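Fold and geometry: a report
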Amino acid sequence: MDQDQLKALFDQQAEHYDTQWTKMAPINNGLYFLLESVFAELPTDARILCVGAGTGRELIHLANTFPGWHFTAVEPSGPMLDVCRQSAEAASIAARCSFHEGYLHSLPEVAPFDAATSFLVSQFILDKSARSGFFNEIATRLKPSGILANADLASDTSSAEYPLLLEVWQRVMSGANLSAEDLSKIMEAYARDVAILPPTETAAIMQSGGFETPVQFFQSGLIHAWFARRHSERAA
Ligand SMILES: C[S@@+](CC[C@H](N)C(=O)[O-])C[C@H]1O[C@@H](n2cnc3c(N)ncnc32)[C@H](O)[C@@H]1O
């Protein structure tokens, strides 16, 4: 799937995205709960870059938890970003947000960020060097000691465990308001359009993109999350 097809897919999903995934909330809430502690030492006026912000789920959670923080949402899908903006308005946090429709490379030059999130985004970049380049663009936008929290689907798909875990994961998703047809489309996409790599490989790609050793701080089913500081050699 190329970038335009991926954007079109999220354009179509935007309206129902949040309701579609409501039943996965225990997983997301666990991830966001851990994320709070990963970012806990950031300054009270931190500026956070949310890459692939989608409908704004992680952004809104962080904004509610840390009332002095400012957010820049980068999102190529206009309809996903519209939902993000509306949700930010409904949560009375929109005044602390900037919304950029597009990719990170087209975000105007702004002061470097204290931290960034990239949740369930890099997995759509199949080419490993392009995926490393994606992380590198994030590193470039961070302060020298800035932190990235990244989440992706990850697993060793060649292992004996994978089909068994995938079966459980399918059951988790089928409880999440998905029809049998939707589920089978998602399984096809996993095999074709999502780069589900062993966790150590995903971490290595983050590192090659300009981050120090990534620390895996979360796993639930196929969803894994890491935090990593921008590599010190990049520091000014
Ligand atoms: C699975 S959704 C996750 C949204 C949100 N981060 C969340 O966890 O709810 C992935 C989002 O990343 C966006 N996206 C895909 N490729 C991207 C890229 N190269 N840069 C920035 N955003 C991208 C999509 O448009 C989509 O909204």
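See the structure shown above.
Criteria and cut-off values
- Residues numbered from 1 in each chain as written.
- Predicted model: local features only at pLDDT ≥ 70, side-chain atom pairs only at ≥ 80, totals over all residues.
- Heavy atoms only, no water.
- Helix = DSSP H or I, 4+ residues; strand = E, 2+ residues; numbered from the N terminus.
- Rg over C-alpha atoms; globule rule 2.2 N^0.38 Å.
- Buried < 20%, exposed > 50% of the residue type's maximum accessible area, 1.4 Å probe, protein only.
- Contact = heavy atoms within 4.5 Å.
- Areas by Shrake-Rupley, 256 points an atom, 1.4 Å probe, with all protein chains shown as cover.
- Lys, Arg positive; Asp, Glu negative; His and termini not counted.
- Charge placed at Lys NZ, Arg CZ, Asp CG, Glu CD.
- Near = heavy atom within 4 Å.
- Polar contact = N/O pair within 3.5 Å; in protein donor to acceptor, adjacent residues only side chain to side chain.
- Nonpolar A, V, L, I, M, F, W, Y, C, P; charged D, E, K, R; others polar.
- Pairing = 2+ DSSP bridges.
- Axes fitted to C-alpha atoms, helices over the stretch in contact; angles between N-to-C directions.
- Phe/Tyr/Trp six-rings, centres within 6.5 Å; stacked < 30°, edge-to-face > 60°.

1. Considerations on the overall build of the protein chain
A tally of helices and strands in the protein chain yields eight helices and seven strands. In terms of C-alpha radius of gyration, the protein chain reaches 17 Å, essentially the compact-globule figure of 18 Å for 236 residues. Taking the principal axes of its C-alpha atoms as reference, the protein chain extends roughly 45 × 40 × 35 Å. Split into buried and exposed, the 236 residues of the protein chain put 49% on the buried side. Relative to all contacts within the protein chain whose residues are 6 or more apart in sequence, the contacts with residues 24 or more apart total 74%. Element-wise, carbon and sulfur atoms account for 55% of the exposed surface of the protein chain, whose accessible area totals about 11,100 Å². Side chains of the protein chain carry 16 positive and 28 negative charges; the gap between the two charge centres is 3 Å.

2. Quick word on the site of the ligand
Residues in close proximity to the ligand total 18 residues, the closest being Gly-52, Arg-57, Glu-58, Glu-75 and Phe-119. Taking Glu-75, its side chain carries an N or O atom lying 2.6 Å from an oxygen atom of the ligand. At 2.9 Å from a nitrogen atom of the ligand is found a main-chain nitrogen or oxygen belonging to Phe-119. Burial of the ligand by the protein amounts to 95% of the accessible area it has alone, namely 600 Å². At the level of elements, α1 (3-20) and α3 (57-65) are the ones that each hand at least two residues to the shell around the ligand. Looking at which element gives the most residues to the shell around the ligand, the answer is α1, with three residues. In the shell around the ligand, the residues fall into twelve nonpolar, three polar and three charged.

3. What about the sheet that holds strand β2 (residues 70-75)?
As summarised here, the arrangement of the seven strands in space is β3-β2-β1-β4-β5-β7-β6, forming an open sheet in which the pairing is mixed. Two strands in the sheet have a free side with no partner beyond their single neighbour: β3 (97-101) and β6 (215-220). Direction aside, neighbouring strands of the sheet carry axes that sit 15 degrees apart on average. In terms of strand pairing, β2 meets β3 through five bridges, oriented parallel. Bridge assignment links Phe-71 to a residue of β3, and that residue is Cys-97. Docked against the sheet, α3 engages β1 (47-51), β2, β3 and β4 (113-119), running at close to 180 degrees with respect to β2.

4. Looking at the packing of aromatic side chains
Scanning the model with the defined rule gives seven aromatic pairs in all. Ring geometry for Phe-10 against Phe-124: centres 5.6 Å apart, planes inclined by 80 degrees, an arrangement best described as edge-to-face. Note that Phe-10 is positioned in helix α1 and Phe-124 in the loop between β4 and α5 (128-140), a separation of 114 residues in sequence. For Phe-10, a relative accessible area of 17% translates into the label buried. An angle of 5 degrees between the planes, with centres 3.8 Å apart, marks the rings of Phe-66 and Trp-69 as stacked. In this structure Phe-66 comes out as buried when scored by relative accessible area, which is 17%.

Treat this as a map of the structure, not an account of what it does.
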